[in-house]
Amino acid sequence: MTSERRTSFFGARTAGASMPRNSTMSGFGGTEKIKDTRPLHDKSFVQQCIKQLHEFLTEQGYPGILSAKILQSPSTKEFVKVFEFVYRQLDPTFEMPNSKVEEEVPAFLKALRYPFVLSKSAMYSVGAPHTWPQALGALMWLIDQVKINWSLSKQELLFSEFCEDSDNIEEGTEYNKLLLEYTAEAYSKFMQGEDTFDDVDELFINKLKKMYNVDEALLASMEEKYRILSDEVERLERESHTDRLMTKRMDRVKLQADLKKLQSYRSNLDSFKGNLENRASELSYELEVTGGQLESLKREQNELQLLLQNQKFTPADVERINREKRELQQTIASLSKSLEDAEQHQWVEEIALSKVKEKAELKVAEYQKLARKLKLIPVSAENACGHDFEIRPFGPGCMIQHKTQIQMLLRKLVSDVEEENSRLANMKLSLEESSEQVNSNIMDKSNDLKQMREQIRKVDERLDSDMQELAQEEQGWAAEVESVENHRTILEKKVTYGYDEAVQQLKAAQQQYHLVLQETNEERRTVANNLASVVATAVNHLSITEKCLEDLHGRVERFCSKAVEEDEAAVQKLRETLKNFTSKASGL
């Protein structure tokens, strides 16, 4: 087991560490109203709960619109959606009724044994400052129930495949007693206001280790082997990742995407610039027309003023002139306002044009940076091939230059990359053909090996027949029989030692497998790798044993060529021992 800090199955709580909690069970069957001791009117605590609610909804993929601002003061409809989403984490088939949700939500909470009261009147104005903390506290309690349910489900999943036979240890009284004691002690500390249960978890894990007979030394050695093998695999993967063709293809795709983005952005920038120029020319024309009208009105006013000074008018003429004067003043005021609006609009458009120009310069700078990164600029760069890919500052004729010169050069560069890719593809095909030829040669050699094994089997049968014929000369070779008997005894000891070692390794691997099932899926893969290494060790040991037996067989054959005869009973016993060892090894 690692020394990492573990969290309890109950998860992190929103209440304070020193805050006692009241049980939802009442004494002697009676009911009493429990006071909520959570600081729901503390702004910092409310903000912490909102943050935890937002993180939970985001992690579980809440389908609606979600933001911390909405959770500051949600509407009743939004609260009902959040409540329905959290409740579905407990019951995926849950459907919120469409009518009287203000009465249904408190009823659902009461059915779940929510220890505090959420009134129906609070549901009509959930986002109000005096009701939202209570509703938020109910949601946080419901999220805690979801986390507890997840922990229990995960625990059932971890212990569901512990034993393959019918005698499952999790179904026994010892395991149930241990789990019940752990749950009771953790809940007791939870009701006392504690949020972490590291000591309870550690005690529970130690008892589980003792129950499952976990070997810490073997586990540490397995972890060290896994680390070494992981490092070796990573090194081999790094050495194998030398496919330059794939790198070139990825670079080509990125260059094509960047080129398309640059072309579309340039076309959009040209169209936007043309629109701005048209609007500026229109505004200039309107400004000139309005100025001409204003000058003509001023001249007419001066002429009328001169006539007024040189002529005598009747009161009706004076009234008419005053009325026309007022109309002209109104016209002048409206035209002045239009002129100011036009000037203001022109100023705004000029600012927008300057911003667009700045954005264009930023995009050009990004292009220059990307081109330098791809070694396309300056002209002496590695991939430039003597061409100029640099975009000059905006000026007359610059767009035509970029469209004709740079695009042609980039197309040529793309064609060169494609030719290089085709050449590498042909090389890859040739290498694949060579690999197929080597594989065919390997298959031929394997067939030859099978034939050799068949010949060896026939020679063994012939040897058995020869040994039966030479059994009559047993008395003359008693000394050789004794030496062979001693060698057989040594071999039996080695076989017994190897078998015991393999059995111990198998038991340790099974213990490791049971322990890892209680950890994460990653540790399960680690145990699988460790078991594979144990099996590989057993196979290696078996191959070494077979090699020793082959050497012994060669020595016996030489003894037979010198007319050395073994004791028939000893030979038969040696064969039975070999068969038993082979059957046990195959059983592993």
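Residues numbered from 1 in each chain as written. Predicted model: local features only at pLDDT ≥ 70, side-chain atom pairs only at ≥ 80, totals over all residues. Heavy atoms only, no water.

Undergrad: Can you tell me about the overall build of the protein, naming the residues and giving the values?
TA: Scanning the protein for helices and strands turns up 15 helices and 0 strands. In the protein, buried positions account for 27% of the 588 residues. Surface summary for the protein: the accessible area is close to 40,100 Å², and the carbon and sulfur share equals 55%. (Helix = DSSP H or I, 4+ residues; strand = E, 2+ residues; numbered from the N terminus. Buried < 20%, exposed > 50% of the residue type's maximum accessible area, 1.4 Å probe, protein only. Areas by Shrake-Rupley, 256 points an atom, 1.4 Å probe, with all protein chains shown as cover.)

Undergrad: Go over the confidence of the model for the protein with me, naming the residues and quoting the values.
TA: Mean pLDDT over the protein works out to 77, with 83% of the residues at or above the 70 mark. Below pLDDT 50 for its whole length, residues 22-31 participates in 10 contacts with residues either more than four positions away or in separate chains. Under a pLDDT of 50 for its full length, residues 158-171 has, in the predicted model, 26 contacts with residues more than four places off or in other chains. (pLDDT = per-residue confidence, 0-100. Contact = heavy atoms within 4.5 Å.)

Undergrad: Describe the nonpolar core, naming the residues involved and giving the relevant values.
TA: Among soluble globular proteins, nonpolar side chains are generally buried collectively. By size, the foremost hydrophobic cluster in this structure holds 39 residues, and its most contacted members are Leu53 and Phe83. Those elements giving two or more residues to this core turn out to be helix H1 (43-59), helix H3 (76-90), helix H4 (101-111), helix H5 (120-124) and helix H6 (132-159). Residues within four places of Phe83 in sequence aside, it is in contact with Met96, Val105, Phe108, Leu109, Leu139 and Leu142. Listed in part, the 15 residues of the second largest apolar core include Phe190, Met191, Leu208 and Tyr212. (Core = buried A, V, L, I, M, F, W, Y, C linked by side-chain atoms within 4.5 Å.)

Undergrad: Let's hear about H4: which residues, and what values?
TA: Of the residues making up H4, those classed as buried are Val101, Glu102, Val105, Pro106, Phe108 and Leu109. Within H4, the buried residues cover an arc of 155° as seen down the axis, which keeps them to one side. For H4, the exposed residues set more than 90 degrees away from the buried face come down to Lys110 and Ala111. Phi for Arg113, located one or two positions after H4, is positive at around 65°. (Arc of directions from axis to C-beta.)

Undergrad: Tell me about the pattern of salt bridges, and name the residues and values.
TA: For the structure on display, the rule yields 13 salt bridges. The closest approach of N and O atoms between Arg320 and Glu324, which form a salt bridge, is 3.3 Å. Taken together, the residues Arg320 and Glu324, both in helix H11 (residues 315-373) and 4 residues apart, mark about one turn of the helix. Judged by relative accessible area, which is 33%, Glu324 ranks as partly exposed. Among the ionic contacts, a cluster of salt bridges with common partners joins Glu84, Arg88 and Glu95. (Salt bridge = Lys/Arg side-chain N within 4 Å of Asp/Glu carboxyl O.)

Undergrad: I'd like a description of unusual backbone geometry, backed by residues and values.
TA: For Arg113, which is not glycine, the phi dihedral falls at a positive 65°. As for its position among the elements, Arg113 is in the loop between H4 and H5. Residue Arg113 is classed as exposed on the basis of its relative accessible area, which comes to 59%.

Undergrad: Run through the packing of aromatic side chains, naming residues and quoting values.
TA: Under the counting rule described, the total for this entry stands at 12 aromatic pairs. With centroids separated by 5.7 Å and ring planes inclined at 50°, the aromatic side chains of Tyr87 and Phe108 adopt a geometry described as tilted. Remark: Phe108 occurs in helix H4 and Tyr87 occurs in helix H3; sequence separation between them is 21 residues. Both rings, one in Tyr114 and one in Trp141, keep their centres 5.1 Å apart while their planes meet at 70°; by these two values the pair is edge-to-face. Separated by 27 residues along the polypeptide, Tyr114 in the loop between H4 and H5 and Trp141 in helix H6 bring together distant segments of the chain. Among the residues examined, Trp141 registers a relative accessible area of 10% and is labelled buried. Feature note: the residues Phe79, Phe83, Tyr87, Phe94, Phe108 and Trp132 constitute an aromatic cluster, connected by ring pairs. A cation over a ring is seen here: Lys363 above Tyr265, with NZ or CZ 5.5 Å from the ring centre. (Phe/Tyr/Trp six-rings, centres within 6.5 Å; stacked < 30°, edge-to-face > 60°. Lys NZ or Arg CZ within 6 Å of the ring centre and 35° of its normal.)

Undergrad: Tell me about the packing of H3 against H4, residues and numbers included.
TA: For the pair H3 and H4, the least separation of the axes is 11 Å and the interaxial angle reads 35°. Judged by the twist between their axes, the crossing of H3 over H4 is left-handed. Two secondary-structure elements touch here, H3 through Thr76, Phe79, Val80, Phe83 and Tyr87 and H4 through Val101, Glu102, Val105, Phe108 and Leu109. Across the contact of H3 with H4, the residue classes break down as 8 nonpolar, 1 polar and 1 charged. (Axes fitted to C-alpha atoms, helices over the stretch in contact; angles between N-to-C directions. Left-handed = near helix turned anticlockwise from the far one by under 90°. Nonpolar A, V, L, I, M, F, W, Y, C, P; charged D, E, K, R; others polar.)

Undergrad: Any details on helix H8 (residues 198-212)? Residues and values, ideally.
TA: Within an α-helix, residues lying three or four positions from one another point in the same direction, as the helix has 3.6 residues per turn. Relative to the 21 Å expected for 15 residues at 1.5 Å per residue, H8 spans 21 Å between its end C-alpha atoms, a close match to the ideal helical length. Every buried residue belonging to H8 is among Val200, Asp201, Phe204, Ile205, Leu208, Lys209, Met211 and Tyr212, and all of these are buried. Phi for Asn213, located one or two positions after H8, is positive at around 55°. (Expected span 1.5 Å × (residues − 1).)

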